[in-house]
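Each chain, written out:
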Amino acid sequence: MEQWATQYGMQKADGVELYSEDGGNDYSLMTNSGVSAGETVIWVPASIVINSASVEQEFGAGCLSEAEAVLIKVDEFAAMKGKNSDSYYRLPLFRLMVRILAEWEKGQNSVYFPWLNSLPRQFYNGASMTKRCFECLPPYAGWLASNERINYGHFNMALKQGYVPLNPETIQNREVVKWAYNVALTRFHEIWQPDRQKLIAPMADMLNHAAEHNCEITFDYEGNCQVTALYDIPAGSPLTISLGDPTNPTPIFAQYGFLPQDCTTIFCKAMHLEKEINELGYEFSELLIQTETGEIAPKVWDVFLYDLLQKSDPGSAQQFGIACQNNDEETKQYYNDQYYAYTLEALKEHVYGILESAEKLTYKAQNYDLETHPRVPVIVAHNNLVMETFGMTANLLSQMG
């Protein structure tokens, strides 16, 4: 694959090499000789970058418009039923998937054959999970993972209408379609200028995730891809980028199918309070628990107190909500002090409930046949992280009263 990329104009710094830790199923990049801060690690010419903005032009004007119209209608129907839908965000991903399928049809005649042949054949993310997998996930992880599965289903429905430049045999091949979807989903990089696009740059797509990543990917206005070192990288180091919010590993788990090993926080799992979270103007990324100590972020206390006040004292709930929205720390502290014991009990109930649920879900997953359900290990790893973190939180809460 590296030889192919070089043949088509890819350039890389001395000592940058592909390596695999699993016998060639999946590849990563590392530097054997070190890289200086600001140095170009990899450069990929636009001629081999797969760009969602150019896919329709390559297939012909209007060639995908009918299939995309179907996708929009399916998404709109799902939105009416209360499910997440954002066609504007997802149409570029649909175009990437169609392009990958078109190249797959060409086989060895595809310019991209060496790259496609180097990609993983099995994925562990939400789109690849079965209903029985979802039955073993806590609510937040299950919600995110099932959304990925639903999105894939919508893409598949749009493909099957036949309004795409693909052979019917390809469209009916569920394994190939799902593989192409996962390739697009897990390897794209998004840019916003001059307009919103999703792009895949072979070789640059081999960079793995790290919370403290050492590289960044950029594209110039001509569509060329550049990977740049953010700081001095010593020899023997993997080259990494950020694939998502390092404070919350569950979305990465749902989209990419792995659990980051360097995460320091996880979401508090208060999915039942999503309405209250939105009313306070808080984000999931702020409602965290420390994985090393079990410590709960102050805004988590706010959400649980707000829920209690809404049930018992709507007037106070309104005042407290305004204080949260305006960052009025003095007023927030007053209410937190007044209702501390009640909020503590609500948090204990939530934490103990999550622990009990995660334990049951993990036990269930561990009884699955690994050959039939190969995603069990990553599911169990996710649930174990939840149990370990919430176990520490439970101990802290018990010490508070």
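This structure is a prediction, so every number in the text was calculated from the model and none was measured.

Turning our eyes to something else, we now look at the pattern of salt bridges. Per the counting criterion, the structure on display carries 16 salt bridges. The salt bridge partner of Glu286 is Lys299, with a shortest N-O separation of 2.7 Å. Pair noted here: Glu286 is in the loop between α11 (274-280) and β14 (288-290) and Lys299 is in helix α12 (residues 298-312), with a separation of 13 residues, a long-range link. The class of Glu286 is partly exposed, set by a relative accessible area of 29%. Taking relative accessible area as the criterion, Lys299 reaches 22% and is therefore assigned partly exposed. A salt bridge links Lys348 to Glu345; the nearest nitrogen and oxygen atoms lie 3.7 Å apart. Within this pair, Lys348 and its partner Glu345 are both found in helix α15 (residues 340-366), separated by three residues, close to a single helical turn. Judged by its relative accessible area of 11%, Lys348 falls in the buried class. Connected via shared salt-bridge partners are Glu58, Arg99, Glu103 and Lys106.

Most peptide bonds take the trans form, and the phi angle of most residues other than glycine is negative. Here Met203, not a glycine, exhibits a phi torsion of approximately 85°, which is positive. Using a relative accessible area of 0% as the deciding quantity, one classes Met203 as buried. Residues other than glycine seldom take positive phi values, yet Asn327 does so here, at roughly 55°. Along the chain, Asn327 turns up in the loop between α13 (314-325) and α14 (329-338). The exposure class of Asn327 is exposed, given its relative accessible area of 52%.

Below, the discussion takes up the state of the cysteines. Two cysteines whose sulfur atoms are joined by a covalent bond form what is called a disulfide. Applying the stated criterion across every chain, the model contains zero disulfides. Cys136 takes part in no disulfide bond, and the closest cysteine sulfur, belonging to Cys133, lies 7.0 Å away. Between Cys225, a cysteine without a disulfide, and Cys215, which holds the nearest cysteine sulfur, the sulfur-to-sulfur distance is 11 Å. Accessibility expressed as a relative area gives 1% for Cys225, which makes it buried.

This paragraph deals with the nonpolar core. Of all hydrophobic cores here, the largest spans 67 residues; its most connected members are Phe94, Trp115 and Leu159. For this core, the leading source of residues is helix α4 (residues 87-106), giving nine residues. With sequence-adjacent residues up to four places away left out, Leu159 is seen in contact with Phe94, Met97, Val98, Leu101, Val164, Leu166, Ile171 and Val177. With 56 residues, the next largest nonpolar core counts Val303, Leu355, Val376 and Ile379 among its residues.

Read across the sheet, three strands follow the order β2-β3-β11 without closing on themselves; strand pairing throughout is antiparallel. Across the chains shown, the open sheet's two edge strands, defined by having one partner strand only, are β2 (16-19) and β11 (237-238).

We now examine the sheet that holds strand β1 (residues 11-12). Read from one edge of the open sheet, four strands run β1-β4-β10-β9, paired in antiparallel fashion. Strands with a single pairing partner mark the edges of an open sheet, and in this sheet they are β1 and β9 (215-219). Of the pairings in the sheet, the one linking β9 to strand β10 (residues 225-229) comprises five bridges and is antiparallel in character. By the bridge assignment, Cys215 is partnered in β10 with Ala229.

Quick look at the environment of Tyr124 now. Mapped onto the secondary structure, Tyr124 falls in the loop between α5 (113-118) and α6 (131-134). The exposure class assigned to Tyr124 is partly exposed, which follows from its relative accessible area of 30%. A sequence separation of 252 residues divides Tyr124 from Val376, and the C-alpha atoms of the two residues are 9.0 Å apart. Within the structure, the side chain of Tyr124 is placed 2.9 Å from the side chain of Gln122, a separation counted as a polar contact.

Calculation rules
- Residues numbered from 1 in each chain as written.
- Predicted model: local features only at pLDDT ≥ 70, side-chain atom pairs only at ≥ 80, totals over all residues.
- Heavy atoms only, no water.
- Salt bridge = Lys/Arg side-chain N within 4 Å of Asp/Glu carboxyl O.
- Helix = DSSP H or I, 4+ residues; strand = E, 2+ residues; numbered from the N terminus.
- Buried < 20%, exposed > 50% of the residue type's maximum accessible area, 1.4 Å probe, protein only.
- Disulfide = S-S within 2.5 Å.
- Core = buried A, V, L, I, M, F, W, Y, C linked by side-chain atoms within 4.5 Å.
- Contact = heavy atoms within 4.5 Å.
- Pairing = 2+ DSSP bridges.
- Polar contact = N/O pair within 3.5 Å; in protein donor to acceptor, adjacent residues only side chain to side chain.

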